[in-house]
Amino acid sequence: MSETSASSGLTEAEVAARRARDGWNELAVDRSRSIAGIVLEVAREPMFLLMLGAGALYLLIGDPQEAFVLLGFVLVIIAVTVVQQRRTETALAALRDLSSPRALVLRDGKVTRVAGREVVVGDRMLLNEGDRVPADGVVLSARDFTLDESMLTGESVAVARLPVDGGPALQVYAGTLVVSGQAAVEVSAIGNATELGRIGKSLGAISSGASPLQLELAKLARRLAVIGGVLCVLLALLYAMLRGGWLDGLLAGITLAMGVLPQEFPVILIVFLAFGARRIAAHGVLTRRLAAIETLGQTTVLCVDKTGTLTRNRMAVAALVAGDDTLYLDAGQPLAELPETFHRLLEYAVLASEADPHDPMEKAFLSLADTHLSNTEHLHPDWRLAHEYELSPDLLAMSHLWQVPDSARSEVASKGAPEAIADLCHLAPEARAHVSQQAGALADRGLRVLAVAHAVHPGSEAPAIQHDFEFRFIGLIGLADPLRDGVPEAVAECRAAGVRVVMITGDHPRTAQAIAAQAGIEGERVLTGPDLAAMDDAGFAAAAAQGGVFARVSPQQKLALVEALKARGDIVAMTGDGVNDAPALKAAHIGLAMGRRGTDVAREAADLVLVEDDFAALVHAIRLGRRIFRNLRHAMTYTLAVHVPIIVLATAPVLFGWPLVLAPAHIAFLELVIDPSCSVVFESDEADEGVMREPPRPGSDPLLPSSRLWTSLLLGTVTSAVVLAVHAFASAQGFDASVVRTWVFIALVSSGIALIFCARTHGGAWLDALRGTAPVARAIIAATLLALLAVTSVPWLAMQFGFTPLSPAHWLAACALGLASFVPLQVVKRVMPGEKKPGSTAGS
């Protein structure tokens, strides 16, 4: 890299040239299936094997026309399935890329955050605690920099990577995790050229384990497949015994099996979850694990951080306290001049901060100092940072040891929680109480409070711990972080939905209580980390069950709170942003990482990522999760019900000696109609107003409870009665078999449309069932009717299906009779008992 590039990073032109030469920073691992792979997977489905078997039988009995019609349907359904699955995988890949590790790089003299795949050789990366290293590189400079290289070496102990003047170049590797400190690194290899790429490991894969819903649907599908197989054999035997002709009997049996097989189940689930992930992403929530979408609607406790989630995470200095003097700064009116009393307080707050900070509080200190201390002796650009003491769960304070030029002494600046700084300064009980009183007064205003201290250290050798310095207390700084717009309304919506919102923060108890009051979170009693530490197991469990605000809580206590809530049967969603939050995120039923201020390791441990760290977006995701489950339940009700008349029409002619009504080609057409209806149409239904006014569904609540199964069977029975009545009517008119088949098929498809509207709600309200259909749903229904009109009215197409085109009046009559089934369907649904919901009436 040239000297200019070294100081300002690569230019955009250099980045483009290197990307053209080396490609993207990604491993050549094909996460998506090839088209051929999808075709083979689809062709192995029982439905398609039955269709191919039926085609072979048609060839054996000398009817190649029917065989080719079936083959055409096989190709069409495979094509539709391939397109649908490719679109789904593309959507999921886009979500995965958005939630993958990010990188801070220096380009054109500016620090820019880019996706990890956009890093190129020669980029200067800035790595911080919690980052996942996106590419191999050479360490240029570092401070307290340690890495977890267990992904490559298997060793769990963090390894220091601190360059020594004149020593060998130190390497960092893609996939490793920054445990502590910061470093500037020049990228030396990307993609497959990295050490990770050479050993063939992959990163950031979305979890692929079977979810509870997938297991439940697979179990139901297996049962129905067994039933279909048994019925197929029985019907084939019955046909052969009553009419003779084993091949025709086998065709009748295959037709019945195709009608019973619920091959729509996996299609419904993947479409709902993938589309749901896309909808949630549009509201600023990225899905890393699809199974989390199923759980959203079950959430009973929502554990949230204060800073950046409930508040804007835009800090501004609002108060300064030095000795007995207090200065309140009005954010709306700039301060004309900072009194000299507070210069030293601000000076050491800046010295205790990073030189190029990302933390909003440190940015606030530097902003105020740039305005009021820029031409004073209180800023020290020539001092060299010799050592940094990081914040830890045991001591909520951080210190910087500065080397003063041309001096044997060093200066130490420390900032942190007031009680931690008071402890470092070894304040007397009276002084400690006075500081606590001052900090409490600021916290009561909803301010975040930090204390600042100073020490002089002889020499430049850094002691092992911060307590080895002789600190002197300087004062307090209060920072305002206003509540996000819409938070009180979102909290109220959660309360109405039976979701308890719990604030868990490392902030001052009185600050947490003030913000909780503004947000509408129950927080009359604030429990602190020390309070929790003093409790026995029973007391801790009771505190977790009843507490609304927890302050000064360590990451280990966050994890313990999550486990305690889970132990009492709660479904827990948990937000987090740091490395230490990862265990709690992993333990929660739904881990929610912060997109803006979250670390890579937190995002990798989480199920969902809040792009803007916005609480309102999280509540919206819960609403969408409930909508998805509700619509999924409606779709499954429809799918089971719509198969009943198909089974009846495949069986009744054999039992009563009628001419066969349905053939495999008709079932194939019906599958083309049912698949988009049961997936896209129901998925597009909007949530009603009541979806967030009922309690969360229990974790043990199945997708299809017995009441839903009976409802599906009864609705299917009503539809069957309607199409059998149409069959009787057409037969009574003396029509031949092909005309009767046409009447019945039109009524069957149109009654399926009526069933869609009926299944969209669980109650018996007629207007609710008819209104509010999405444009895509109306388009699919219109396309279904046009396809039905084509196959029953265009002579060449009608002949392929064994239909006889009807007159317009007769076609409309058959269609109207099918659509009229909506009336008895709604009547039956109205008298059906509703599902029991805790604290709610049946409705959804």
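For every chain, the first residue of its written sequence is number 1, and the numbers climb from 1 along that sequence. Residue-level local features of this predicted model are given only where pLDDT is at least 70; pairs of side-chain atoms are given and counted only at 80 or more, and the full residue set underlies all totals for whole chains, interfaces and linings. Side-chain figures throughout are based on the complete set of non-hydrogen atoms in the structure, without hydrogens or water.

## Details of the nonpolar core
Our working rule: For the purposes of this section, nonpolar cores are sets of buried Ala, Val, Leu, Ile, Met, Phe, Trp, Tyr and Cys residues that join through side-chain atoms within 4.5 Å. Any residue under 20% of the maximum accessible area for its type is buried, any over 50% is exposed, and the rest in between are partly exposed; the area is computed with a 1.4 Å probe on protein chains only. Working definition: helices are DSSP H or I runs of at least four residues, strands are E runs of at least two. Numbering for both runs from the N terminus. In this description, contact between two residues means that some pair of their heavy atoms is separated by no more than 4.5 Å.
Leu302, Ile521 and Phe615 are the most contacted members of the largest nonpolar core, which has 103 residues in total. A total of 18 residues in this core trace back to one element, the largest contributor, which is helix α24 (residues 615–656). Sequence-distant contacts of Ile521, that is, excluding residues within four places in its chain, are made with Leu310, Val491, Arg495, Val501, Met503, Ala516, Gly548 and Val549. Core analysis: the next-biggest nonpolar cluster, separate from the first, contains 32 residues, Ala322, Leu351, Ala364 and Phe365 among them.

## So, unusual backbone geometry
The residue Asp108 is not glycine, and still its phi comes out positive at about 55°. As for its placement among the helices and strands, Asp108 is situated in the loop between β1 (102–107) and β2 (110–115). Phi is positive for Asp406, which is not a glycine, with a value near 55°. As for its placement among the helices and strands, Asp406 is situated in the loop between β13 (397–403) and β14 (409–416). Accessibility expressed as a relative area gives 87% for Asp406, which makes it exposed.

## Topic: the packing of aromatic side chains
Note the threshold: Whether two aromatic rings pair depends on their centres lying within 6.5 Å, for rings of Phe, Tyr and Trp, where Trp uses its six-membered ring; planes under 30 degrees apart make the pair stacked, over 60 edge-to-face, and the rest tilted.
Taken as a whole, this structure holds ten aromatic pairs when the rule is applied. Measuring from centroid to centroid gives 6.1 Å for Phe669 and Phe801, while their planes differ by 80°, and the two rings are edge-to-face. Of this pair, Phe669 sits in helix α25 (residues 664–683) while Phe801 sits in helix α30 (residues 795–801), and the two are 132 residues apart along the sequence. Taking relative accessible area as the criterion, Phe801 reaches 5% and is therefore assigned buried. A network of ring pairs unites the aromatic residues Phe669, Phe745, Phe801 and Phe803 as a single cluster.

## A short note on the pairing of strand β7 (residues 177–189)
The criterion, for reference: By definition, two strands form a pair when at least two bridges between them are found by DSSP.
Counting buried residues in β7 gives ten out of 13 residues, a clear majority hidden from the surface. Direction of pairing for strand β4 (residues 136–148) relative to β7: antiparallel, over a ladder of ten bridges. Looking across to β7, one finds that Leu147 is bridged to Val178.

## Here we look at the pairing of strand β16 (residues 472–480)
Here strand β10 (residues 316–322) runs beside β16; their pairing, made up of six bridges, is antiparallel. Within the sheet, the bridge partner assigned to Val321 lies in β16 and is Leu476. Strand direction decides the pairing type here: strand β15 (residues 448–458) and β16, joined by seven bridges, are antiparallel. By the bridge assignment for β16, Ala453 is matched with Phe473.

## Observations regarding the environment of Ala386
Here Ala386 shows up in strand β12 (residues 384–389). Taking relative accessible area as the criterion, Ala386 reaches 30% and is therefore assigned partly exposed. Here Ala386 is in contact with Leu401 and Trp402, once residues within four sequence places are set aside.

## Observations regarding helix α27 (residues 737–759)
For the record, the criterion: Helix span is expected to be 1.5 Å times the residue number reduced by one.
Helix length check: α27, at 23 residues, gives a terminal C-alpha distance of 32 Å against a target of 33 Å (1.5 Å per residue), a fit within 8%. Counting buried positions over the 23 residues of α27 gives 22, a clear majority of the element.

## Quick word on the sheet that holds β12
Short version of the rule: The convention used is that axes are lines fitted to C-alpha atoms, helices contributing only their stretch in contact, and that angles between N-to-C directions extend from 0 to 180 degrees.
The seven strands are arranged β11-β10-β16-β15-β14-β13-β12 in an open sheet whose pairing can be described as antiparallel. Edge positions in the sheet fall to β11 (325–328) and β12, since each of these pairs with one other strand and no more. The sheet shows a mean angle of 20° between the axes of neighbouring strands, direction not considered. Against the sheet, helix α16 (residues 429–443) contacts β10, β11, β15 and β16, and its axis sits at roughly 10° relative to β16.

## So, the sheet that holds strand β18 (residues 526–528)
The eight strands are arranged β8-β22-β21-β20-β9-β17-β19-β18 in an open sheet whose pairing can be described as mixed. Each edge of the sheet is formed by a strand with only one pairing partner; in this case those strands are β8 (285–287) and β18. Neighbour-to-neighbour, the strand axes of the sheet open up by a mean angle of 20°, direction not taken into account. With respect to the sheet, helix α18 (residues 509–519) is in contact with β17 (500–504), β18 and β19 (549–551), its orientation differing from that of β19 by roughly 150°. The strands touched by α24 within the sheet are β8, β9 (301–304), β17, β20 (572–576), β21 (590–594) and β22 (608–610), with β9 carrying the most contacts at an inclination of about 160°.

## Overview of empty space enclosed by the protein
Rolling a probe over the atoms, with the probe sized like a water molecule, indicates the empty space that remains. Applicable threshold: Only protein atoms enter the calculation, which uses a 1 Å grid: trapped sets of points that fit a 1.4 Å probe without letting it out are cavities, open sets showing protein on both sides within 12 Å along at least five of seven lines are pockets, and any residue with an atom within 4 Å of a point is a lining residue. Grid points are joined across faces, edges and corners, and a volume is the space filled by probe spheres set on the points. Note that Gly is not counted as nonpolar here; it falls among the polar residues with everything else outside the nonpolar set of Ala, Val, Leu, Ile, Met, Phe, Trp, Tyr, Cys and Pro and the charged set of Asp, Glu, Lys and Arg.
Summed over all chains, the structure comprises three cavities of 30 Å³ or more. One number sums up the size of the largest cavity: a volume of about 100 Å³. Forming the boundary of the largest cavity are 15 residues, of which Val642, Leu670, Leu748, Val749 and Gly752 lie nearest the centre. Looking at the lining of the largest cavity, the elements with two or more residues in it are α24, α25 and α27. Looking at the lining of the largest cavity, the element that brings in the most residues is α27, giving six residues. Within the lining of the largest cavity, the residues separate by chemical class into eleven nonpolar, four polar and no charged.

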